[in-house]
Amino acid sequence: MIYAVVFILLLIPVVKYDLLAKTGGEGKWFWSCLLLLVLLAGFRYRVGGDTLMYYGMFDECPTLDELKYFDFESAIFNPGWYIFNAICKSICDDFTFFQLVHALIVNTTFFLFFRKYCPKYYFSVILVYYLGYFCYFNMEIMREALCISLLMMATDWLMEKKWIPYYLVCVFALFFHFSAAFMLCLPLLFLFKRNYWKWSIVIFIGVFAVVRIINVPQLLLGFIADDSSQLYLLVDKYIDRETNINGLLSTLLRYLPMLGILWLAERHDVRFTKDFGPLVLGTTIVFASMTCVSIFERFYNYFVPFVLIYFVETVYVILSTKALRQFQITYLSMLVVVGCFFFNIARFYLKDCSEFYPNTYFYVRYVPYHSIAMPKIEEQRERYTENERDLSINF
């Protein structure tokens, strides 16, 4: 399987440079790994759930000449997406080229971001990104991935509190996906100074209590006057009106690694290139809100680049500690955190989706892989995504 081959190739520089601390040739491996993932995503053929939707709508998207006549008000997606499609179509009117350009933008941004902010262990961050988020970001949430790329580009402005350029990027991101409005709130997280894991517990309990006491679901629906509008239906779809114990435990299981890594970083006094602690802390608000309104899960995507760096660097600093006996609690805690982190990733891709098509799991969106060199239509994937789309609302 091609995914396994790519995993092995990405593992080689991790062992050589991150674990064994060898030097020489890092640049060649870095760009080779980037090229590998760009080609894997760019030359796929009908792989990915949302990819099939974008593939089917590509011919309907306007060209640059048609943009001035295009009705953006009644369009399904935000204007930036259509403009991006039009630019690509003006160069090469083929969806494969569009995929390639998208993959180049998204993965180059991720790779450069990882190398800049985790200069010692960026190959490991790349590997974790590949295992947990590569398929999802490149083949699923393609519009949102562009917004997240813009956030990474604006990280210096965010960290240095240069609000004018940062908020200009936020406005630009809104042209691709409405979820980018979440970026407007991120500066508030920097009000928290250190003691992130303690604040995390306080925030989780506080947000969970608030969203239940003031009945957030009804409040959100009350702001929308037209109960037949797409926005009303979208909010109504993602609201969980009753707290399900399994859902609550699932959310807690996802929250535990975030709390654990914040605790480990503070206990071990990890020094980062940039302190992304406030942004990792922000996942607490997302998970606490998810217990009531599941759409908040989408906002976690904006924290992923920062979480991966914080996670990998903390683990490596702890592993480099020679005094094992002095840090038994730390090591055991780290094993639990790492175990939960990867368990959540596995659980995400192994989610049962039989409600849309019999004996189907989420990973069928990406497995098996087919390329444009050997194009093949996967019937199970096609039926599953078609049925899911009929029961879903675009967001």
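Our subject in this report is the structure included herewith. All values derive from a computational prediction rather than experimental measurement. Once a new chain begins, its residue numbering starts again from 1 and follows that chain's sequence as written. Totals for whole chains, interfaces and linings use all residues, but because this is a predicted model, local features are given only for residues with pLDDT of at least 70 and pairs of side-chain atoms are given and counted only at 80 or more. For side-chain calculations, the full set of non-hydrogen atoms in the structure is used, while hydrogens and water are omitted.

### A word on the packing of helix α4 (residues 79–91) against helix α5 (residues 95–117)
Test applied: In this analysis an axis means a line fitted to C-alpha atoms, helices contributing only their contacting stretch, and an angle means the value between N-to-C directions, from 0 to 180 degrees. Helix numbers and strand numbers start at the N terminus; a helix is a DSSP run of H or I with at least 4 residues, a strand a run of E with at least 2. For classification purposes, an angle smaller than 35 degrees is called roughly parallel, one larger than 145 roughly antiparallel, one from 65 to 115 roughly perpendicular, and anything else oblique. A clockwise turn of the near helix away from the far one marks a right-handed crossing, whereas an anticlockwise turn of less than a right angle marks a left-handed crossing. Contacts are assigned to residue pairs with any non-hydrogen atoms lying within 4.5 Å of each other. Residues are grouped as follows: Ala, Val, Leu, Ile, Met, Phe, Trp, Tyr, Cys and Pro are nonpolar; Asp, Glu, Lys and Arg are charged; every other residue, Gly included, is polar.
The geometry of α4 relative to α5 is characterised by a closest axis approach of 9 Å and an angle of 120 degrees between their N-to-C directions. When the interaxial angle is binned, α4 and α5 end up oblique. For the pair α4 and α5, the crossing hand works out as right-handed. Contacts between α4 and α5 involve W81, F84, N85, C88 and I91 from the first element and F97, F98, V101, H102 and I105 from the second. Residue classes in the contact of α4 with α5 are distributed as 8 nonpolar, 2 polar and no charged.

### A look at the environment of W157
The condition is simple: Using a 1.4 Å probe on the protein chains alone, a residue whose accessible area is under 20% of its type maximum counts as buried, one over 50% counts as exposed, and one in between counts as partly exposed.
Among the secondary structure elements, W157 is positioned in helix α9 (residues 155–159). Residue W157 is classed as partly exposed on the basis of its relative accessible area of 34%. In this structure, the C-alpha to C-alpha distance between W157 and Y167, residues 10 residues apart in sequence, is 9.2 Å. Not counting residues up to four positions away in its chain, the partners in contact with W157 are K162, P165, Y166 and V169.

### Some points on the packing of helix α14 (residues 245–267) against helix α15 (residues 277–290)
At a minimum axis distance of 10 Å, the contact between α14 and α15 shows a crossing angle of 160 degrees. In terms of their interaxial angle, α14 and α15 are classed as roughly antiparallel. The chirality of how α14 crosses α15 is left-handed. Of the residues in α15, those in contact with T251, R254, Y255, M258, I261 and L262 of α14 are G277, V280, L281, T283, T284, F287 and M290.

### Some thoughts on the packing of aromatic side chains
To keep things clear, this is the line we draw: Only Phe, Tyr and Trp rings are paired, with Trp represented by its six-membered ring, and only when their centres lie within 6.5 Å; those with planes under 30 degrees apart are stacked, over 60 edge-to-face, the remainder tilted. In this scheme, the term charge over a ring applies when either NZ of a lysine or CZ of an arginine sits within 6 Å of the ring centre and within 35 degrees of the ring normal.
The full count for this structure, using the stated rule, is 56 aromatic pairs. On the numbers, 4.7 Å between centres and 10 degrees between planes, the contact of F182 with F299 is stacked. On the criterion of sequence distance, the pair formed by F182 in the loop between α10 (163–174) and α11 (196–213) and F299 in the loop between α15 and α16 (304–319) is long-range, its members being 117 residues apart. Residue class for F182 comes out buried when judged on its relative accessible area of 15%. Residue classification places F299 among the buried positions, given a relative accessible area of 14%. Its guanidinium or amino end placed over the ring of F30, R115 lies 4.2 Å from that ring's centre, counting from NZ or CZ. It is R254 that lies over the ring of Y300; its NZ or CZ is 5.5 Å from the centre.

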